[in-house]
Amino acid sequence: MKLLMAVTGLIFVGFVALHAYGNLMVLGGADTFNTYAHHLRTFGQPMLPYEGFLWVLRVVLLVSLALHVYSALSLWGRANGARSTRYAVKKAAASSLASRTMRYGGIALFFFIVFHLLHLTTHTIHPQGTVATPYENVVGSFELWWVTLIYVVAVLALGFHLFHGVWSAAQTLGLTSTAAARARAKLLAHLVGGLIALAFLIPPLAILVRIVK
Ligand code: HEM
């Protein structure tokens, strides 16, 4: 179960890294971002049909999400079932803020992703008013402080989740057996969580303060 959690988690790390990088195209202006959004749909043509790449990605993400949640629930159930009586005094000896927030952070991220898909993929929710080009949808949305706030909170939760997730995956994959390896794994976890969160934060904040308009 932990291996399943680690492998599906690493698939998400790859996705969010590419997604955060892609979002930075907003800094290049309307043409750059709209061309990028168009290329996401024509990528791989004519070997793949229009939007073929996006659909492959969606299936991989959905299957990974199902397996990630399934392994999380079953590990959670196992941990709870391991004792028939609750501890009278329960004090964690070595748990970090990140590890304790994994479950609730994971659940919060799930709800954010549902909101995010309704917002920028299906456009069911369109705080910016009219649904127009990808660039206008993004810029119109993040000019609103409360939309930016929702995304900033979600991205910070993602940063924590990634930090602890990468650290746990390193343990599961046997990459933390020596002190030097543990230091390397911790550095990697900080870099992955920090850099991905930073890259996600730049476009909404740049739009909010009108550096990008
Ligand atoms: C500031 C943060 C973010 C911005 C500005 C942003 C922007 C966008 C945009 C514009 C799209 C639509 C792309 C298109 O259809 O051309 C999109 C899709 C998507 N985003 Fe984000 N995103 C952000 C954060 C996230 C995070 C943190 C996650 C996941 C943890 C995420 C997951 C997704 C997914 C799954 C899709 C749908 C891909 C598809 O099936 O078409 N996004 N995002």
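Residues numbered from 1 in each chain as written. Predicted model: local features only at pLDDT ≥ 70, side-chain atom pairs only at ≥ 80, totals over all residues.

A few words on the nonpolar core. Counting residues in hydrophobic clusters, the biggest one holds 14 residues, and the most contacted among them are Leu162, Val166 and Ile196. Broken down by secondary-structure element, the contributors of at least two residues to this core are α7 (145-172) and α8 (179-208). A per-element tally of this core places α7 first, with 8 residues. Leaving out residues up to four positions away in the same chain, Ile196 has contacts with Val16, Ala17, Ala20, Gly159 and Leu162. Core analysis: the second largest hydrophobic core is formed by 8 residues, Phe33, Val139, Ile207 and Val212 among them. (Core = buried A, V, L, I, M, F, W, Y, C linked by C-beta atoms within 7 Å. Buried ≥ 20, exposed ≤ 12 C-beta atoms within 10 Å, placed from the backbone. Helix = DSSP H or I, 4+ residues; strand = E, 2+ residues; numbered from the N terminus. Contact = placed C-beta atoms within 7 Å.)

Residues in close proximity to the ligand total 23 residues, the closest being Ala37, Arg58, Leu120, Tyr151 and Phe200. The set of elements that each furnish at least two residues to the shell around the ligand consists of α1 (2-23), α2 (30-42), α3 (52-81), α5 (102-121), α6 (134-142), α7 and α8. Here the shell around the ligand takes 6 residues from α5, the largest share from any one element. The class makeup of the residues in the shell around the ligand is 18 nonpolar, 4 polar and 1 charged. (Near = placed C-beta within 6 Å. Nonpolar A, V, L, I, M, F, W, Y, C, P; charged D, E, K, R; others polar.)

Once that is clear, we can look at α8. Taking 1.5 Å per residue as the helical rise, α8 with its 30 residues ought to reach 44 Å, and the 43 Å between its terminal C-alpha atoms agrees with that figure. The largest bend along α8 measures about 30 degrees and falls at Ile202, with the proline Pro203 one to four residues further on. The complete set of buried residues in α8 reads Ala189, Val192, Gly193, Ile196, Ala197, Phe200, Pro203, Pro204 and Ile207. Where the residues of α8 are buried, they touch α1, α6 and α7. (Expected span 1.5 Å × (residues − 1). Bend = angle between axes of the 7 residues up to and from the residue.)

Bringing unusual backbone geometry into the picture now. Note that the residue after Gln45, namely Pro46, is joined by a cis bond; omega there is 5 degrees. In this structure, His123 takes a positive phi of about 60 degrees despite not being glycine. As for its placement among the helices and strands, His123 is situated in the loop between α5 and α6. Backbone geometry places Arg210, a non-glycine residue, at a positive phi of 65 degrees. Structurally, Arg210 is set in the segment after α8. Given 9 C-beta atoms within a 10 Å radius, Arg210 is considered exposed.

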